[in-house]
Amino acid sequence: MTAVPSVSAPAPVPPLAERARSIGGSPVRDILAVTARPEVINFAGGLPAPELFDTEGIAEAFRTVLAQDAARALQYSTTEGEPALRAALADRTTIRGLPTTADDILVTTGSQQALSLLATALLEPGDTVLVESPCYLAALQAFGFAGARVVPVPGDADGVDVEALEALVARERPKLLYTVPTFQNPTGRTLPAARRAAVAEVALRRGLWIVEDDPYGELRFEGERVPWIASYEGAADRVVLLGSFSKVMAPGLRLGWLRAPAGLRRACAVAKQAADLHTPTVNQLAAARYLTDRDLDAHVARVAGVYRERRDAMLAGLADALPPGSTWSRPEGGMFLWARLPEPYDTTALLPEVVRHDVAYVPGAPFYAGEPDRSTLRLCFVTQTPQEIAEGLRRLGEGLKSL
Ligand code: PMP
């Protein structure tokens, strides 16, 4: 028998990958962890209102699927997704003005997974990605993890500035532009149709992928629907459209999808195979069942009606809560609005004091890929009732005044 030598000083294990080491902790996340206290009125989360989930409808869909075809629902499935769900998603997309077949769709585990699959499929370390300024935070993370150089495109209250985009595309030679054109996270803003056409045209002329992320578009309270960038002339082979059931059905289902040209879609499917083989079969079949048996559009209209009242409650209270000279957006849908306090307010520095008053927002700074505007903040207006929103804003006003 060979004796195993005793080890006095164990050798250290190898280090984390560089990309994991460079993503450190976040002071904002630490502060916001405190907001889990039940007494805090939390405008920081991006949580759909849970009392509006169609729990009974979703439960019924799961019961039906398990009663009728448990062998399929509980089995492994294809990476591309369940045919019934892909067909239903294609129909919904076609009805909304973008002709789509089931084959065009890859089902993903939330649209967040679509972002990381696209990063894997498209980006080499050092490649340039253009993003909106400010930008959805977890998209910045997904591109950062891929080692991309993330460059912000300047914009205004309506979204990206097309001339600035054109100049940046010419100068930076980016692989892709990431945009949330409708009810953007974090600002709530919506890119007008003429600018969408111009963005599609820049992509066409200069050769650029566009990732059009649309988890909020169905939550419109007022105004006219604006066509997807993907539906403009010549955009079909270079725009990837992302969708999600998180905001219209329930985020816990983790159901999203991407619609992409064949070559890119296949590359994303291979990346997905490596990531999770496929999105849970039972969730996909239950969602497909729900779309057949229920009226999702009617449900979304109900949710949007309630969200509209909540948006109005927040708009009504902001003038008293925020210091004179503040400005804020008035989104026509979605879940968020964006406020800017006058200089020299720094919303990151102010957050701990505001949280002491049992209310929370997300400071704007982390949403910027470039130089942050430190006087900005994001408020989610959908999770609380109008009464709670009024109380939360009263506390926010007190918190800000106490400084
Ligand atoms: N994109 C945007 C713009 C979002 O705001 C979110 C959720 N906060 C996601 C993608 C991810 O959503 P999910 O993975 O739940 O579909």
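Note that this is a predicted model, so its numbers are computed, not measured. (Residues numbered from 1 in each chain as written. Predicted model: local features only at pLDDT ≥ 70, side-chain atom pairs only at ≥ 80, totals over all residues. Heavy atoms only, no water.)

## A look at the packing of aromatic side chains
Tallied over the full model, the rule gives six aromatic pairs. Between tryptophan 338 and phenylalanine 367, the aromatic rings sit 5.8 Å apart at their centres with planes inclined by 85°, giving edge-to-face as the arrangement. With a gap of 29 residues between them, tryptophan 338 in strand E12 (residues 336-340) and phenylalanine 367 in the loop between strand E14 (362-363) and strand E15 (376-380) connect regions that are remote in the sequence. The two residues tryptophan 338 and phenylalanine 367 agree in class, both being buried. (Phe/Tyr/Trp six-rings, centres within 6.5 Å; stacked < 30°, edge-to-face > 60°. Helix = DSSP H or I, 4+ residues; strand = E, 2+ residues; numbered from the N terminus. Buried < 20%, exposed > 50% of the residue type's maximum accessible area, 1.4 Å probe, protein only.)

## Thoughts on helix H6 (residues 137-145)
Listed in full, the buried residues belonging to H6 are Ala138, Ala139, Leu140, Ala142 and Phe143. Where H6 is buried, its residues meet helix H5 (110-122), strand E3 (128-132), strand E4 (149-153) and strand E7 (176-179). A positive phi of about 80° marks glycine 147, the residue just after H6. (Contact = heavy atoms within 4.5 Å.)

## Things to note about the pairing of E7
For a regular strand, the rule is simple: side chains alternate between the two faces of the sheet. Covered by surrounding structure in E7 are Leu176 and Tyr178 together with Leu177 and Thr179, the residues of both alternating faces. Here E3 pairs with E7 via three bridges, running parallel. Residue leucine 130 lies in a different strand from E7, and its bridge partner there is leucine 177. In terms of strand pairing, E7 meets strand E8 (residues 209-213) through four bridges, oriented parallel. Looking at E8, one finds that leucine 176 is bridged to tryptophan 209. Each parallel crossover has a hand, and the one from E7 via helix H8 (residues 193-206) to E8 is right-handed. (Pairing = 2+ DSSP bridges. Right-handed = clockwise from strand over helix to strand, strands pointing away.)

## Topic: the environment of alanine 304
One can find alanine 304 in helix H11 (residues 296-321). We classify alanine 304 as buried; its relative accessible area is 6%. In contact with alanine 304, other than residues within four places in its own chain, are Arg220 and Phe221.

## Section: the site of the ligand
Around the ligand lies a shell of 14 residues, among which Ser111, Asp213, Tyr216, Ser244 and Ser246 are the nearest. One of the side-chain nitrogen or oxygen atoms of aspartate 213 is found 2.6 Å away from a nitrogen atom of the ligand. At a separation of 2.5 Å, an oxygen atom of the ligand approaches a polar side-chain atom of serine 246. Coverage of the ligand by the protein amounts to 90% of the 400 Å² it exposes when considered alone. For the shell around the ligand, the per-class residue count stands at five nonpolar, six polar and three charged. (Near = heavy atom within 4 Å. Polar contact = N/O pair within 3.5 Å; in protein donor to acceptor, adjacent residues only side chain to side chain. Areas by Shrake-Rupley, 256 points an atom, 1.4 Å probe, with all protein chains shown as cover. Nonpolar A, V, L, I, M, F, W, Y, C, P; charged D, E, K, R; others polar.)

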